[in-house]
Amino acid sequence: MISNFYWMLFITAQSVICSSPNSEQGLVDLEKYLQPDDVDDYYSYPDNNVSCARECIEGDPPRICYYKFFLEDYATLTKACGNCPDNMSDCYNPECVAADGYERGIMTINRRLPGPAIEVCLGDRIIVDVINGLLAKTNTMHWHGVFQKGTPYSDGVPMVTQCPINEGATFRYDFYANNPGTFYYHSHDGLQKLDGLQGNLVIRRTKEQDPSSSLYDYDLPAHEVFVTDWFHAPASQDFPGRIHREITMYARQYLINGKGRYTDAEFGNTTKTPYAEFRVVPGNRYRFRIIAGICTECPASVTFEGHRVTLIATDGVAVQPVTVDSVHIYSGERYDVVLEASKEVKAYWIQVRGLPPCNKVKSQQLAVLKYEGSNEDEPLNPKPTYDHFLPSGLVLNPNNATCAPGQNGVCVSQLQSADKFPERILTNDPDVNVPFTFGYHFPTNEEEFWSHQYHLYIQPEPPLTIYTWVNHIFFTTPPMPVMSQLSEIPDSAYCPKDQRTGFSTCPEGPDGVCNCLNIIRVPLNSVIQFILIDKSAGAALQHPFHLHGYAFNVMAMGHLNESLQNEEDIAQLIKSNKLTHTAAPAFKDTIAVPAVGYAVVRIVTDNPGYWFFHCHFAYHLVAGMAVVIQVGDPEDNPPVPAGFPKCGDFLPNVTSTWN
């Protein structure tokens, strides 16, 4: 079983590091293991025993990988940028964030966009000191896709696994790289990742461990394609949303590895900032890791001009190879593809193009694929535009498709795992079925604005005011973390329980909503089936749901119809073997549920803790589309470290006497 294998690696790494001769009386001089910030530029690995960005070799001992992340309010095109963009070479100055050439306030980690990449090998120990220099803001950092087995308190969800990090404070995340793959990290506090607080996190494994290693020659940090959506104003300007000016929450732009250009809509002028560039040598095969650091509602298409690519992994786990022409990515997803540098020696365009609903604002971005030996700084072929785009051909993960014959697409439910998976996941009758219906509630003015209830809401476009919910509950953050201060959370914070299922319920009925702390408890060492159903009032969106602490197996996806409307209908079809799945369902930790459709995923609960399960659209998450999955009982959780921070309400008793 895949997770047990990595658990053994975790134990081995822990014993090796704890007995390391580099420590004195158990204390480690972390400065000796401090990693540089620029590893995402590596086209070759340094030859030393300290760098964690390296080729992973069978038999090499695990390493300590230490990072210092200084968070601060910053800006694009600061004085560090000299004459950028008029002098493009100045755009590469230290601490210059050029982005797309538009000056705006941002948040950065070590004055980089994206933040410093974390590149390690399976079994390494990752230690990150997050130093909060943000003015009047708290922060946490989530390591998206890392299971945190044995260290659930390092998962980085505010008021679930930890207290937020206060201004001026430092929080040390200390965990093991116990599952390999393409991941990333991002702030899990409010909307901060939209303003720049995210970066790559890659855990490599040896060639002997990687079932796809024969398909590529090079796996380099410089070939990681980090896609972010981009605004020309802070994300808070669109929360809860405006209804009179710039009325959508759709990204106007994308960045690729923090770079790109934009064209002024009024005058048609295009900035001269650098494009991201990816260099290849003719005749070689390269592993490209595509990371969807996008946060808003629009998926994007990624296409390499003139090159097909072969998918070898999704969300960190290997799949049987599939060759496609383009890849559609949703917020939080990652796809590893192999690109063969077998074309004419020149430069080619890479296009990231926003898909509906971003067709309304025509969001896109370009990067350059450059063959060694080419004298072209940019491709001589015409630049792709939103309306004249690179042909998409056969699409991986097509937008809201059923992947029926003739649709020219490959859905994630059709992929097959190339890594081992628990055979018991294939049972027709799982141990527990968890309904996971999600949607919108449209409150009246009396309900939202004149009731003095102060609910979180969003206004995506006029005249809509929306609450987002899971099982008719919009998630309410508790006053202290459930991981470390469970006994201090008042009973009134929790949702009432359904007497039949034991799950949280909203007594307001099918047309009502409740706001409360929604925790769904499932037993350890069981096969749990989540049936995700989109009831979001016909909106043509595919909500990407991300589960912390696990990679789930994708069993089925499809659209609702008159005879298929609820979780009982879908569960019965699976039980009677009428919804087929592949022989080895692929692992993912983030899945885009078809609009007005469903997805069925399963896990084997071998990782106790409190794991967030939520829509990865940033605005939907902060408005309540989330739930906590409690795996096991509190006593099954690893204890939090000594001195773990505490937080909560301050409500002393008030007496009638004056002190």
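Before any of the text, the structure's been laid out above.
Note that the structure is predicted; figures quoted are calculated from it, not measured. (Residues numbered from 1 in each chain as written. Predicted model: local features only at pLDDT ≥ 70, side-chain atom pairs only at ≥ 80, totals over all residues. Heavy atoms only, no water.)

Participant: Which parts of the structure should I look at to understand the pattern of salt bridges?
Facilitator: Close approach of charged atoms lets side chains of opposite charge pair. Applying the stated criterion across every chain, the model contains 33 salt bridges. As a salt-bridge pair, aspartate 325 and arginine 308 come within 3.0 Å of each other at their nearest N and O atoms. Of the two residues, aspartate 325 is situated in the loop between strand 17 (317-324) and strand 18 (326-329) and arginine 308 in the loop between strand 15 (300-304) and strand 16 (309-314); the sequence distance between them amounts to 17 residues. Residue aspartate 325 is classed as partly exposed on the basis of its relative accessible area of 22%. In this structure arginine 308 comes out as partly exposed when scored by relative accessible area, which is 45%. What you see here is one network of salt bridges that share partners, running through Glu119, Arg204, Asp210, Asp219, Glu224, Arg287, Arg289 and Asp336. (Salt bridge = Lys/Arg side-chain N within 4 Å of Asp/Glu carboxyl O. Helix = DSSP H or I, 4+ residues; strand = E, 2+ residues; numbered from the N terminus. Buried < 20%, exposed > 50% of the residue type's maximum accessible area, 1.4 Å probe, protein only.)

Participant: What should I look at first to understand the packing of aromatic side chains in this one?
Facilitator: How two aromatic rings sit relative to each other is set out by the distance from centre to centre and by the angle between their planes. Going through the model one piece at a time under the given rule, you end up with 24 aromatic pairs. Taking 5.3 Å as the distance between ring centres and 75 degrees as the angle between the ring planes, the aromatic pair formed by tryptophan 143 and tyrosine 173 counts as edge-to-face. Of this pair, tryptophan 143 sits in strand 7 (residues 141-144) while tyrosine 173 sits in strand 8 (residues 170-176), placing them 30 residues apart in sequence. When the centroid spacing of 6.3 Å and the interplanar angle of 80 degrees are considered together, the rings of tyrosine 440 and phenylalanine 442 count as edge-to-face. One aromatic cluster is present, formed by Tyr67, Phe69, Trp143, Tyr153, Phe171, Tyr173, Phe175, Tyr185 and Phe644 through successive ring pairs. One cation-aromatic arrangement involves arginine 279 over tyrosine 43; the distance from NZ or CZ to the ring centre is 4.0 Å. Positioned over the ring face of phenylalanine 389 is arginine 353, at 3.8 Å from the centre of the ring. (Phe/Tyr/Trp six-rings, centres within 6.5 Å; stacked < 30°, edge-to-face > 60°. Lys NZ or Arg CZ within 6 Å of the ring centre and 35° of its normal.)

Participant: Just checking my understanding: could you explain the sheet that holds strand 3 (residues 64-75) for this structure?
Facilitator: Sheet strands line up and pair through hydrogen bonds in the backbone, either parallel or antiparallel. What the four strands build is an open sheet, ordered 4-3-6-8; its pairing is mixed. The outermost strands of the open sheet, each flanked by one partner alone, are strand 4 (105-109) and strand 8. Along the sheet, successive strands turn relative to each other by an average axial angle of 20 degrees, direction set aside. Pairing of strand 3 with strand 4 involves five bridges; the strand directions are antiparallel. By the bridge assignment for strand 4, glutamate 72 is matched with threonine 108. (Pairing = 2+ DSSP bridges. Axes fitted to C-alpha atoms, helices over the stretch in contact; angles between N-to-C directions.)

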